[in-house]
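# Summary of structural features
Chain by chain, the residues run as shown.
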Amino acid sequence: MAQKKAQSGKKQPDKKKAEPAKKAQTAKKAEPAPKAEPTKKAEPAPKAEPAPKVEPVPQAEPETKPAAPVYDTPRRSVAFIGSECHPFVKTGGLGDVMYALPRALAAQNCDVRVILPRYACIPQKYQDKMVYRGEFYMDLGRTGRNYYVGIMEYIWDGVVYDFIDNQEFFTAGNPYVGLVEDIPKYCFFSKAALAALNYMNWIPDVIHCHDWQAALAPVYLRTLFRDSPVGRAKTVLTIHNLRFQGIYNIPTIRYWTGLPDEVFNMGALQQDYVNANMLKGGLAYADRITTVSNTYAGEIQTPEYGEKLEDHLRYHNYKLRGIVTGLDYEMWNPATDPALAVHYDITNVLQHKPENKRALQQELGLVQDEGKFVIGLISRLTNQKGLDLVNAVLPQVMDGNTQVVVLGTGDKQYEDTFRWYENEHKGMFAACIQYDEARAHRIYAGADALLVPSRFEPCGLTQLNAMHYGTLPIVRETGGLKDTVEPYNVFTGGGNGFTFDRYDAGLLLDAINRAKTEYFTSRYHWDEVVQRDMAKDVSWANSARQYKDLYLELTPW
Ligand code: ADP
Ligand code: GLC
């Protein structure tokens, strides 16, 4: 082990006056973030690669209250480190989890602090609520520079949000820009998050990191920060999506992290002779690994789903477990949801859902007819989500009695495909190529069924939202979809939705047709499933408890 000195993060700013950056647009006491100063001779940054596609930045949601506290287990303090969090910034389910799990943990006698980048794209109304908490300078890798780290704080419903401020790294209009920018950004962010904990002298029992953007935290913690106060924390790393790993050539990662040579080996950060893999390193150094469903925890240890990390995960599987994600019942509640045309609950869903359907049809310019079978699809439009299957079956799905509503953005190829269908099936197909939280809520409420035919799905939240809104999911049996949707059994009438197993367009079509048959010919049974799905417990309570148990296992004092 290299004996590199720990970075406490308490370093004073350099004597040389730093150049002021753009004015910080914050409320109280916010200082302008100065640009970093060179302190020693910088090595040249290694060459970078072109950027992949950007995800959209959504709108904020109304404020809600967390559940009442449960004090039957000992108190633990937890720092969440991740790259997005509703309502500040969200591109997918990670943002939902970073919002809901801390609140659910606060209700499980946890003291939670969420550390996030202070992206410039965070809506101004939240920027205005942030309070300046402090600042320091931190060296970074072999850059030879000391970087400004500001801490802006927002306390909301028992959870403390600390935003790491640095205008050099976090000025883009989107959280993810492309690997060229993102690799240095998250090398900085993970280190700054740990240094901020030291700076604030808030040393948590557990540091809970999420996805590749925060995966270096356990590596830093056991190397550069080992002898600093935060070094005593235990670490959990949650995989929300194994497809994204933060892979870049070794010189670049070495340059931006300054991690010791010992971590660049095949058991930790090294991917092959050329590349380093940030997630792989984190998995090696974390005390526990979780992923967001049991089935996915098993799948990622196989070549089909392992994204080339299956051997590494099998090696570490003694510390891996799956904990399925829940829904925040305050944010997702058809009885109070401000986005809906008509509120409803399990007692009057059969009466009010058709009204929401009609309102949705009107909003989207579809033929207004409660008798039509409306299928929703709310998704990032990427290869993960099974959209090639959808494309293959749509001509047969559009039978005159079925309407399809797509809400999503992503790969141009899929966006254009859905636009084409909208044009081809006017009044029956709506392609909403946009990110719109409120509209998503209205589709969950107004559709009869929701399609989630994913190629892989670590957990999946849209099927949970759908069930909770009395909309039957049609899903592929993979990952969390398999764990949360019990197949409808036509003989017993049991189950929650319609499922298919192999990744095959014919099987998807068959599942859709089974759903249609049930809807058009056996409405009584369909309605029973609607009510059963609404009654199903998909809340966070049980899952948060499992996370709490995991923390207690790691900190058995
Ligand atoms: P992933 O994280 O892989 O994108 P999830 O099912 O876990 O998939 O989470 C997706 C979340 O993002 C859900 O809350 C869903 O409602 C929301 N969402 C996805 N696309 C859109 C969109 N275009 N507009 C609004 N919400 C969306
Ligand atoms: C990822 C996965 C999704 C999961 C979400 C939250 O984005 O793709 O399946 O629900 O993370 O954990």
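See the structure printed just above.
Presented here is a report on the structure given in the accompanying data block. Just so we're clear, the structure is a prediction, and the values are computed from it rather than from any experiment.

In this section: the overall build of the chain. Across its full length, the chain holds 18 helices and 18 strands. Classification of the 557 residues of the chain by burial places 62% in the buried group. Within the chain, residue pairs in contact and separated by at least 24 positions form 74% of the contacts whose partners lie at least 6 positions apart. Carbon and sulfur atoms make up 51% of the accessible area of the chain, which amounts to about 21200 Å² in all.

Taken together, the neighbourhood of ligand 2 is formed by 13 residues, with His 240, Gln 384, Glu 457, Cys 459 and Gly 460 sitting nearest. Taking His 240, its side chain carries an N or O atom lying 2.6 Å from an oxygen atom of ligand 2. Here an oxygen atom of ligand 2 and a side-chain polar atom of Glu 457 are 2.4 Å apart. Within the complex, the protein chains bury 94% of what would otherwise be the 310 Å² of accessible surface of ligand 2. When its residues are assigned to classes, the shell around ligand 2 shows six nonpolar, five polar and two charged. Looking at the shell around ligand 2, you find at least three residues from each of domain 1 (76–326 + 542–554) and domain 2 (349–536).

Here we come to the packing of helix 11 (residues 387–397) against helix 16 (residues 505–521). Where helix 11 meets helix 16, the axes come as close as 9 Å, and the angle between the chain directions of the two elements is 45°. Taken together, the axes of helix 11 and helix 16 lie oblique to each other. Seen from above, helix 11 lies across helix 16 with right-handed handedness. Between helix 11 and helix 16, the residues in contact are Leu 389, Val 390, Ala 392, Val 393, Gln 396 and Val 397 and Ala 505, Leu 508, Leu 509, Ile 512 and Lys 516, respectively.

The subject of this paragraph is the site of ligand 1. As a structural note, the neighbourhood of ligand 1 is formed by 22 residues, with Gly 93, Asp 96, Arg 380, Tyr 444 and Leu 461 the closest of them. Between an oxygen atom of ligand 1 and a side-chain N or O atom of Lys 90, the distance comes to 3.2 Å. Measuring from an oxygen atom of ligand 1, one finds a side-chain N or O atom of Arg 380 at 2.6 Å. Within the complex, the protein chains bury 93% of what would otherwise be the 570 Å² of accessible surface of ligand 1. Of all the secondary structure elements, the ones that give two or more residues to the shell around ligand 1 are helix 1 (93–106), helix 13 (437–446) and helix 14 (462–468). The residue inventory of the shell around ligand 1, partitioned by class, reads six nonpolar, nine polar and seven charged. Among the domains, domain 1 (76–326 + 542–554) and domain 2 (349–536) are the pair contributing at least three residues each to the shell around ligand 1.

The next point concerns the nonpolar core. Ranked by size, the top nonpolar core spans 177 residues in total, and within it Phe 88, Tyr 161, Phe 188 and Phe 418 carry the most contacts. Residue contributions to this core peak at 12 residues, all from helix 3 (residues 179–200). No fewer than three residues from each of domain 1 (76–326 + 542–554) and domain 2 (349–536) sit in this core. Excluding residues within four positions of it along the chain, Phe 188 makes contact with Met 138, Leu 140, Tyr 147, Tyr 148, Val 149, Ile 164, Asn 166, Phe 169 and Phe 170.

Our focus in this paragraph is the pattern of salt bridges. In total, this model carries 32 salt bridges according to the counting rule given. Across the pair Asp 157 and Arg 103 runs a salt bridge, and its minimum N-O distance is 3.3 Å. Residue Asp 157 is located in the loop between strand 5 (145–156) and strand 6 (159–165), and its partner Arg 103 is located in helix 1; the two are separated by 54 residues in the primary sequence. The class of Asp 157 is buried, set by a relative accessible area of 19%. Owing to a relative accessible area of 2%, Arg 103 belongs among the buried residues under this scheme. Put simply, Arg 103 and Asp 328 hold a salt bridge, and the shortest N to O gap is 3.7 Å. You can see Arg 103 sitting in helix 1 and its partner Asp 328 sitting in the loop between strand 12 (320–322) and helix 10 (349–364), a full 225 residues away along the chain. Residue classification places Asp 328 among the buried positions, given a relative accessible area of 10%.

Let's shift gears to the sheet that holds strand 16 (residues 449–452). With parallel pairing, the six strands of this open sheet are ordered in space as 15-14-13-16-17-18. The open sheet has two edge strands, strand 15 (429–432) and strand 18 (498–500), and neither has a second partner. Neighbour-to-neighbour, the strand axes of this sheet turn through a mean angle of 15°, independent of strand direction. One ladder, built from four bridges, connects strand 16 with strand 17 (residues 472–476); its direction is parallel. Paired with Val 452 across the two strands is Val 475, which belongs to strand 17. Packing of helix 16 onto the sheet brings it into contact with strand 13 (373–378), strand 14 (402–407), strand 16, strand 17 and strand 18, and relative to strand 18 it is tilted by some 160°.

Once that is clear, we can look at the packing of aromatic side chains. As enumerated under the stated definition, the model contains 39 aromatic pairs in all. Taking the centre distance of 6.1 Å and the plane angle of 75° together, the rings of Phe 88 and Trp 156 count as edge-to-face. Of this pair, Phe 88 sits in the loop between strand 2 (76–81) and helix 1 while Trp 156 sits in strand 5, and the two are 68 residues apart along the sequence. Relative accessible area serves as the criterion here: at 6%, Trp 156 is assigned to the buried category. Taking 6.3 Å as the distance between ring centres and 20° as the angle between the ring planes, the aromatic pair formed by Phe 418 and Phe 429 counts as stacked. Within this pair, whereas Phe 418 is found in helix 12 (residues 412–424), its partner Phe 429 is found in strand 15, the two being separated by 11 residues in sequence. Grouping residues by exposure puts Phe 418 and Phe 429 together as buried. Here a set of aromatic residues connected by ring pairs shows up, and it is made of Tyr 119, Tyr 147, Phe 169, Phe 170, Tyr 176, Tyr 186, Phe 188, Phe 189, Trp 212, Tyr 255 and Trp 256. Directly above the aromatic system of Trp 202 lies the positively charged group of Arg 113, at a separation of 4.7 Å from the ring centroid. Sitting over the ring of Tyr 519, Arg 523 keeps its end group 3.7 Å from the ring centre.

Parameters at a glance
- Residues numbered from 1 in each chain as written.
- Chains lettered and ligands numbered in written order.
- Predicted model: local features only at pLDDT ≥ 70, side-chain atom pairs only at ≥ 80, totals over all residues.
- Heavy atoms only, no water.
- Helix = DSSP H or I, 4+ residues; strand = E, 2+ residues; numbered from the N terminus.
- Buried < 20%, exposed > 50% of the residue type's maximum accessible area, 1.4 Å probe, protein only.
- Contact = heavy atoms within 4.5 Å.
- Areas by Shrake-Rupley, 256 points an atom, 1.4 Å probe, with all protein chains shown as cover.
- Near = heavy atom within 4 Å.
- Polar contact = N/O pair within 3.5 Å; in protein donor to acceptor, adjacent residues only side chain to side chain.
- Nonpolar A, V, L, I, M, F, W, Y, C, P; charged D, E, K, R; others polar.
- Domains from an automatic or database assignment.
- Axes fitted to C-alpha atoms, helices over the stretch in contact; angles between N-to-C directions.
- Parallel < 35°, antiparallel > 145°, perpendicular 65-115°, else oblique.
- Left-handed = near helix turned anticlockwise from the far one by under 90°.
- Core = buried A, V, L, I, M, F, W, Y, C linked by side-chain atoms within 4.5 Å.
- Salt bridge = Lys/Arg side-chain N within 4 Å of Asp/Glu carboxyl O.
- Pairing = 2+ DSSP bridges.
- Phe/Tyr/Trp six-rings, centres within 6.5 Å; stacked < 30°, edge-to-face > 60°.
- Lys NZ or Arg CZ within 6 Å of the ring centre and 35° of its normal.

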